[in-house]
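If you want the building blocks of each chain, they are given just below.
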Amino acid sequence: MSAATGPIARGPERSGPSKESKERFDATGRRVLLVCVAGGFTTLLDQSVLNTSIPALRETLHAGPADLQWIVAGYSLAFGLALIPGGRLGDVKGRKWFFVSGLALFTLVSLVSATATEPGVLIAARLLQGAGAGLVNSQMIGTLQDVFDGQLRARALGMYAVTGGLAFALGPPIGGAVLALAGPEHGWRLTFLLNVPFGLATVALAARHLPKPRPSTRHADLDVLGLLLVAALTLALMLPFVRPPGWTGWLAFAAAALLLLGALARWQRRYARRGGHPLIHPALTRSAPYALGTATAMAQFGASLAASLVLTMFLQDGLGLSPMGAALVALPSAVAMGVASALAWRVVQRYGRRTVTFAMAGSALAMLLSGLLAHGTPAALLPWLLALLQLLGGASIGLMGPTNQAYVLRHAPAEAAGVSGAILQMAQRIAAAVSVSALSGVYLRETARGGGHRCAYLTASVVCAAVAGLAVLASVLAGRATAREQGEGEPVAMSRGRTPTR
């Protein structure tokens, strides 16, 4: 439903709302959008701020490499585990109080993280934080799809996607500023405490302004076995990257993932034949554009997050910059992302779905050039050149992220709004856990072998660019699949509410 015409803002019946009312958020819609954007920003900022704090945290807690992997990637693991169950619960029971309870958990555990004195306590807190954040974020896309319609839905989803991107881009500058002001020993603790005022304010706003829960009367079954199979599959996919198990373990996890995937597919078909409503809606499994668009988002998110983490490590460990200096190098990415996202719908109006492909290619190019420049550029000049490339990378993601998300989610039926968004986010979380663990491992191994930080950064950047190249390929295939399903059409004016066709 549109915020201008839907039930939460309906009032007296109106015939033929004006074009202006269709293109603007009303007061109720703006409040709902504010809550979703605030919740997304608070929970997603946490991960990127922490990236800057890792060296300080490592020294204060005397954390080993395995501890650091769990602290960084465990959050994504729990986040991913909570997404699909949370999305389905929201679809069936209503979203408001799952949003509120998830954000309250996230905020409370942030206090525990800030006061941790041992790595094990922080690991446990990060897992609980991730679970709360996953429960919150699984409600957001469903809420936006419930409340808004047409061009307002596309714009709202775009703003949510941009919020996530800006949170990841602004995290390093914010973390660097906190560490510079408070010092490394206390600074990393303050980065966790930043979550508390934002979280409490958003909880209060959500309790007041989110629409009342409207449990589903058409699809009230939860498919508990499906939820358990998805949780087990998520663990099988993510755990080996959080804690690498050796070759035997890799093979065991791969075999378990294949078995669980087959069991999930069989169960979903059987559950549907019995008259139930399976966890993964059949429309999602049959849609090639949805699957390929999700693969595009997955590769982009993993490559971008890993590239950001490796850049931070290289700037501090390799070039000797302070956390604040490293944050300033990354700042142009956030600025460019914000500007590009504001212009994304105009670009889409002219170029259609090709916007995703071209923007992703720009991101891959920025990653590759960063590694090449780092290998041979003098240290005094290198931060400036890397900052310029961050400008290109941020602009590319600002164009690509919200556009791709809008194209992906338009293939989801209304009754699976929460699950469709959760699957998209879970795929990105799996990509984050895999990429962060793998690429940080690549960087650390290369430096340990004596190749130096520059060679290590070049190697990691080439791998990130290759993953981004897979996103380009997936985007091209998604465009062709959409064309086959719907036929070629005019480039999309998503800001005007026309249905995307490319």
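Residues numbered from 1 in each chain as written. Predicted model: local features only at pLDDT ≥ 70, side-chain atom pairs only at ≥ 80, totals over all residues. Heavy atoms only, no water.

1. Description of the pattern of salt bridges
Scanning the entire structure with this criterion turns up three salt bridges. A salt bridge links Arg126 to Asp46; its shortest N-O distance comes to 2.3 Å. Taken together, the residues Arg126 in helix 5 (residues 119-147) and Asp46 in helix 2 (residues 27-61) connect sequence positions 80 residues apart. There is no split in this pair, since Arg126 and Asp46 are both buried. Several salt bridges share partner residues, and in doing so they unite Asp91, Arg95 and Asp146 into one network. (Salt bridge = Lys/Arg side-chain N within 4 Å of Asp/Glu carboxyl O. Helix = DSSP H or I, 4+ residues; strand = E, 2+ residues; numbered from the N terminus. Buried < 20%, exposed > 50% of the residue type's maximum accessible area, 1.4 Å probe, protein only.)

2. Considerations on empty space enclosed by the protein
The full count for this structure, using the stated rule, is three cavities of 30 Å³ or more. Its volume calculated, the second largest cavity comes out at about 40 Å³. Along the walls of the second largest cavity sit Pro289, Gly293, Arg353, Tyr407, Val408, His411, Ala478 and Thr482, which together make up its complete lining. Counting only elements with at least two residues in the lining of the second largest cavity, the list comes to helix 12 (288-318), helix 15 (382-409) and helix 17 (452-486). (1 Å grid on protein atoms, 1.4 Å probe; cavity = no way out; pocket = protein on both sides within 12 Å on 5 of 7 lines; lining within 4 Å. Points joined across faces, edges and corners; volume = space filled by probe spheres on them.)

3. Here's the deal with the packing of aromatic side chains
Inspection of every chain in the model, using the stated rule, returns four aromatic pairs. On the numbers, 4.6 Å between centres and 5° between planes, the contact of Phe314 with Tyr457 is stacked. With a gap of 143 residues between them, Phe314 in helix 12 and Tyr457 in helix 17 connect regions that are remote in the sequence. Among the residues examined, Tyr457 registers a relative accessible area of 4% and is labelled buried. Seen from the ring of Tyr407, Arg353 lies directly overhead, with NZ or CZ sitting 5.4 Å from the centre. (Phe/Tyr/Trp six-rings, centres within 6.5 Å; stacked < 30°, edge-to-face > 60°. Lys NZ or Arg CZ within 6 Å of the ring centre and 35° of its normal.)

4. Section: the packing of helix 2 against helix 7 (residues 184-193)
The contact between helix 2 and helix 7 brings their axes to 8 Å, and the two run at 145°. Crossing of helix 2 over helix 7 shows left-handed handedness. Facing helix 2, whose interface residues are Asp46, Val49, Leu50, Ser53, Ala56, Leu57, Thr60 and Leu61, helix 7 presents Pro184, Glu185, Trp188, Arg189, Thr191 and Phe192. Classifying every residue of the contact of helix 2 with helix 7 by side-chain character gives eight nonpolar, three polar and three charged. (Axes fitted to C-alpha atoms, helices over the stretch in contact; angles between N-to-C directions. Left-handed = near helix turned anticlockwise from the far one by under 90°. Contact = heavy atoms within 4.5 Å. Nonpolar A, V, L, I, M, F, W, Y, C, P; charged D, E, K, R; others polar.)

5. Quick notes on the packing of helix 2 against helix 8 (residues 195-209)
The N-to-C vectors of helix 2 and helix 8 enclose an angle of 150°; their axes lie 9 Å apart at closest approach. Relative to helix 8, the element helix 2 is oriented roughly antiparallel. In this structure, helix 2 crosses over helix 8, and the sense of that crossing is left-handed. Side by side, helix 2 and helix 8 meet where Arg31, Val32, Leu34, Val35, Ala38, Gly39, Thr42 and Asp46 of the first sit next to Asn195, Phe198, Gly199, Thr202, Leu205, Ala206 and His209 of the second. The residue inventory of the contact of helix 2 with helix 8, partitioned by class, reads seven nonpolar, six polar and two charged. (Parallel < 35°, antiparallel > 145°, perpendicular 65-115°, else oblique.)

6. Observations concerning the nonpolar core
Judged by nonpolar contacts, the single largest core of 115 residues is most densely connected at Leu57, Phe99, Leu122, Leu144, Phe148, Leu386 and Tyr457. Excluding anything up to four places from it in sequence, Leu386 contacts Leu311, Phe314, Leu315, Val329, Ser370 and Tyr457. (Core = buried A, V, L, I, M, F, W, Y, C linked by side-chain atoms within 4.5 Å.)

7. Points about the confidence of the model for the protein
Per-residue confidence for the protein gives a mean pLDDT of 81, with 88% of residues at or over 70. Low pLDDT, under 50, characterises residues 1-21; the stretch is placed with 36 contacts to residues that sit more than four places away or in other chains. Predicted confidence is poor over residues 488-502, with pLDDT under 50, and the contacts of this stretch with residues over four places away or in other chains come to 47 contacts. (pLDDT = per-residue confidence, 0-100.)

8. A short note on helix 3 (residues 65-93)
With 29 residues, helix 3 should cover 42 Å at 1.5 Å per step; its first-to-last C-alpha distance of 41 Å lies within 8% of that length. The principal kink in helix 3, of about 40°, is found at Ala73. Across the 29 residues of helix 3, 21 count as buried, placing the element largely inside the fold. Looking one or two residues beyond helix 3, the residue adopting positive phi is Gly94, at roughly 100°. (Expected span 1.5 Å × (residues − 1). Bend = angle between axes of the 7 residues up to and from the residue.)

9. Topic: the side chain of Ser287
Inspection of the secondary structure puts Ser287 in the loop between helix 11 (282-286) and helix 12. Among residues more than four places away in sequence, those in contact with Ser287 are His411 and Glu485.

10. What to know about the environment of Ala471
Locating Ala471 in the fold gives a position in helix 17. Residues Ala471 and Val356, spaced 115 residues apart in sequence, show a C-alpha to C-alpha distance of 9.4 Å. In this view, Ala471 contacts Thr296, Ala299, Gln300 and Met360; residues no more than four positions away in its chain are not counted.

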